[in-house]
Amino acid sequence: MNQYVKQYQKTTVETASNEKILIMLYDGAIQFLNKAKIALAEKNWEQSHNNLMGAQRIIEEFINTIDKEPNPELAQNLISLYEYFITRLVQANMKHEIEPIDEVLKFLKELKATWEEAIAIAQKERTKLCSKVNISDEDEYENFDDDEEDEDDE
C-alpha cells in the first residue's frame with residue numbers, strides 16, 4: 001500500500017472521535033467477513049482464515065472496551081453476544097461454512113445501524129444543548145456589560 005495512503009489512514013483514525021472509531025471498527029469487521037465469504041467460496045482457506053481472524057480481533061476489542069459501570073446487566077448481555085459472534089466465526093473457520101458468517105454479518109450490520117442512530121440522536125442533543133448554552137452565555141455577557149456601564153455612569 002502506498003505510504004501516503006497509510007499516512008492518511010493513520011491520521012484519519014488518530015483524529016476521529018470515539019463514535020467515528022466505533023463505526024469504523026464495525027465497517028472493518030463487516031469488510032473482513034465479506035472478504036472471508038469470498039475466500040471461502042474460492043476455497044482459499046488461508047485468506048478466509050486471515051479475514052475471520054481480523055473480524056474476531058475487532059469483536060474482541062469491542063468486548064475489551066465495554067464500560068460495565070453504568071449498566072452491568074446490559075454490558076454483560078453485550079459481552080455474551082460478542083462472545084457468541086466469536087464462537088460462530090470459529091465454527092465458520094473450522095468447518096469452512098458461510099452460514100455462521102452470514103449470521104454474524106446480519107447482527108453486526110444491525111448493531112452498526114443502531115449505533116449510528118444513537119450517535120445521531122446524541123449529536124442532535126449536544127447541538128441543542130450547545131446552542132442553549134451559547135444563547136444564555138451571551139445574555140449574561142451582555143447583562144454584565146450593561147452593569148459595568150451603569151457603574152461608570154454613576
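None of the values given here were measured: they were computed from a predicted structure.

Q: Would you mind showing me how to read the overall build of the chain here?
A: In terms of regular secondary structure, the chain is built from five helices and zero strands. Listing every helix and strand of the chain by position from the N terminus yields α-α-α-α-α. A buried classification covers 26% of the 154 residues belonging to the chain. Counting contacts in the chain only where the partners sit at least 6 residues apart, residues at least 24 apart contribute 59% of the total. Accessible surface computed for the chain: about 11100 Å², of which carbon and sulfur atoms make up 52%.

Q: Looking at this structure, I do not really get the packing of aromatic side chains. What am I missing?
A: Each aromatic ring pair is characterised by the separation of its centres together with the angle its planes make. The final tally for this structure, using the stated rule, is four aromatic pairs. Three or more aromatic residues link up through ring pairs in this structure, and these residues are Y26, F62, Y82, F85 and F107. Over the aromatic face of F107 sits the side chain of K106, whose NZ or CZ is 5.4 Å from the ring centroid.

Q: Explanation requested: unusual backbone geometry in the structure shown.
A: Note: most residues except glycine have negative phi, and most peptide bonds are trans. Phi at K43 is positive, roughly 60 degrees, even though this residue is not glycine. Secondary-structure assignment places K43 in the loop between α2 (18-41) and α3 (45-64). At H96, a position not held by glycine, the phi torsion is positive, near 55 degrees. Mapping H96 onto the fold places it in the loop between α4 (72-95) and α5 (99-153).

Q: Could you clarify how one ought to interpret the nonpolar core in this entry?
A: Nonpolar side chains tend to gather and get buried jointly when the protein is soluble and globular. Among the nonpolar cores identified, the biggest contains 26 residues, and L33, I59, Y82, L89, I101 and L108 are the most heavily contacted of them. Counting residues per element, the ones that place at least two in this core are α2, α3, α4 and α5. With near-sequence residues (within four places) excluded, Y82 lies in contact with Y26, I59, F62, I63, I66, L111 and W115.

What counts, and at which threshold
Residues numbered from 1 in each chain as written. Predicted model: local features only at pLDDT ≥ 70, side-chain atom pairs only at ≥ 80, totals over all residues. Heavy atoms only, no water. Helix = DSSP H or I, 4+ residues; strand = E, 2+ residues; numbered from the N terminus. Buried < 20%, exposed > 50% of the residue type's maximum accessible area, 1.4 Å probe, protein only. Contact = heavy atoms within 4.5 Å. Areas by Shrake-Rupley, 256 points an atom, 1.4 Å probe, with all protein chains shown as cover. Phe/Tyr/Trp six-rings, centres within 6.5 Å; stacked < 30°, edge-to-face > 60°. Lys NZ or Arg CZ within 6 Å of the ring centre and 35° of its normal. Core = buried A, V, L, I, M, F, W, Y, C linked by side-chain atoms within 4.5 Å.

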